[in-house]
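For reference, the chains in residue letters:
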Amino acid sequence: MNPEFESVILAFAGSAALTSLFVILAMIGTLNPYHRPGIPVLGASTVILASTYLFARSAGIAADSAALRLTMSEGVLALIDILPLVFLVSTFLLLQASLRKRPEDPLLALLDSE
Amino acid sequence: MSLWAAQVWLGLSIAVIGISMHRTGPAFRRHSFGAPVALLGLAVMLFRVEEPPQPESGVVAAVMGAAMWLLPALAGSALVLIGAPLYWRTRPAPLLTGWALIVVAWFQYYSTLSLALLDALRWVSALLGVILALAVFMLCVRAAERMTPREPETEGLSEKERKYVESILRRHLEVADEP
């Protein structure tokens, strides 16, 4: 496979797998009695396994625990690569927040009118 | 997998769990364990006795490299959120300090930037991977919610409950100029 194309596929598989891992960890961190995490965890685990398989096929290695580690590592590198895009968007939002005027709270007006 | 490789993934997992815990609760009072757990995770991930094997050593090196611009970016964003007129009145000192840190972060990032066409393709590919994972998660949440039996409609608030809710709103909205 073309090394450039392979690099693009690895970034895709890695970021999908790592995002799914983050989703599972976020569900653990926010667990509460009203949670029904069964189906979302199953879906996220499926994405992790499918991404690892895709990664292993693209890299020409066995789809084992070492491939899982490589997929997650590639995911960390890929997500770090796109963090500046997130920072660009958040800089714009922070600029908007800094320039805005604090609005009068409609809830207080509602309370006062009653 | 070696102990030091496991330590990197354990630290990353604890950090993400801590960040998620911190996002629970209302904006004016976050989960008190969130930030300490996230910092513990980062410490477990980054401080170690021995160098972890590949690919984990590459992960740690990339995180340390990104921290050069990520730390001022995070600190600056937090200060701007404190100083901007979102929850309280405008506070010029944290607002200006925050923007100074954000400028430093962009400068740090720009000084290490070396963009090639392949990098742009990898960005797009990574974004698509993130979108795919989130789309699958949302579909799964939707399926889980559809399978949940509907509960009967809740009755309206009693007079006592109305007064209680009103007191909460007044406490958090009227005296909201101090954190």
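Per chain, the residues get numbers from 1 upward, laid out in the order the sequence is written. Chains and ligands are labelled by the order in which they are written, letters from A for the one and numbers from 1 for the other. Confidence filtering applies because this is a predicted model: local features only for residues at pLDDT of at least 70, side-chain atom pairs given and counted only at 80 or more, and all residues used for totals across whole chains, interfaces and linings.

**A word on the packing of helix 1 (residues 3–29) of chain A against helix 3 (residues 65–99) of chain A**
Residue and element names in this part refer to chain A. The test is simple: In this description, a line fitted to the C-alpha atoms serves as the axis of each element, helices being fitted only across the stretch in contact, and the angle between N-to-C directions of two axes falls anywhere from 0 to 180 degrees. Only DSSP runs of H or I with at least four residues qualify as helices, and only runs of E with at least two residues qualify as strands; both kinds are numbered from the N terminus onward. Just so you know how the angles are binned, under 35 degrees is roughly parallel, over 145 roughly antiparallel, 65 to 115 roughly perpendicular, and the rest oblique. A pair of residues counts as a contact when their C-beta atoms, built from backbone coordinates, are separated by no more than 7 Å. Basically, the charged four are Asp, Glu, Lys and Arg, the nonpolar ten are Ala, Val, Leu, Ile, Met, Phe, Trp, Tyr, Cys and Pro, and anything else, Gly included, counts as polar.
One way to put it is that helix 1 packs onto helix 3 with a least axis distance of 7 Å and a crossing angle of 95 degrees. One way to sum up the angle between helix 1 and helix 3 is to call them roughly perpendicular. Contact with helix 1, carried on its side by Leu10, Ala11, Ala13, Gly14, Ser15, Ala17, Leu18 and Leu21, involves Thr71, Met72, Glu74, Gly75, Val76, Ala78 and Leu79 of helix 3 and no other residues of that element. A per-class count over the contact of helix 1 with helix 3 returns ten nonpolar, four polar and one charged.

**A short note on the confidence of the model for chain B**
Under the convention used in this document: As a per-residue quantity, pLDDT reports the predictor's confidence and falls between 0 and 100.
Looking at chain B, the pLDDT average stands at 84 and 95% of residues meet or exceed 70. This complex was scored by the predictor with a pTM of 0.79 and an ipTM of 0.83.

**Quick notes on helix 5 (residues 117–147) of chain B**
Test applied: Expected helix span is computed as 1.5 Å times (number of residues minus one). Three exposure classes are used, all based on how many other C-beta atoms lie within 10 Å of a residue's own C-beta (placed from the backbone): buried at 20 or more, exposed at 12 or fewer, and partly exposed between those limits.
In a regular helix each residue adds 1.5 Å, so 31 residues correspond to 45 Å; helix 5 of chain B covers 45 Å between its end C-alpha atoms and thus fits that length. Three or more residues of helix 5 of chain B are buried, namely Arg122(B), Ser125(B), Ala126(B), Gly129(B), Val130(B), Ala133(B), Val136(B), Phe137(B) and Cys140(B). Against the buried residues of helix 5 of chain B lie helix 1, helix 2 (38–59) and helix 3 of chain A.

**As for the nonpolar core**
To be explicit about the condition: In this usage, the nonpolar core is the set of buried Ala, Val, Leu, Ile, Met, Phe, Trp, Tyr and Cys residues whose C-beta atoms join them within 7 Å.
In this structure, Phe12(A), Ala13(A), Ala17(A), Leu18(A), Leu21(A), Val47(A) and Ala133(B) are the most contacted members of the largest nonpolar core, which totals 45 residues. Within the residue set of this core, elements represented by two or more residues are helix 1, helix 2 and helix 3 of chain A together with helix 1 (3–23), helix 2 (34–46), helix 3 (56–83) and helix 5 of chain B. A per-element tally of this core places helix 1 of chain A first, with 14 residues. What Leu21(A) contacts, discounting residues up to four positions off in sequence, is Ile48(A) and Met72(A).

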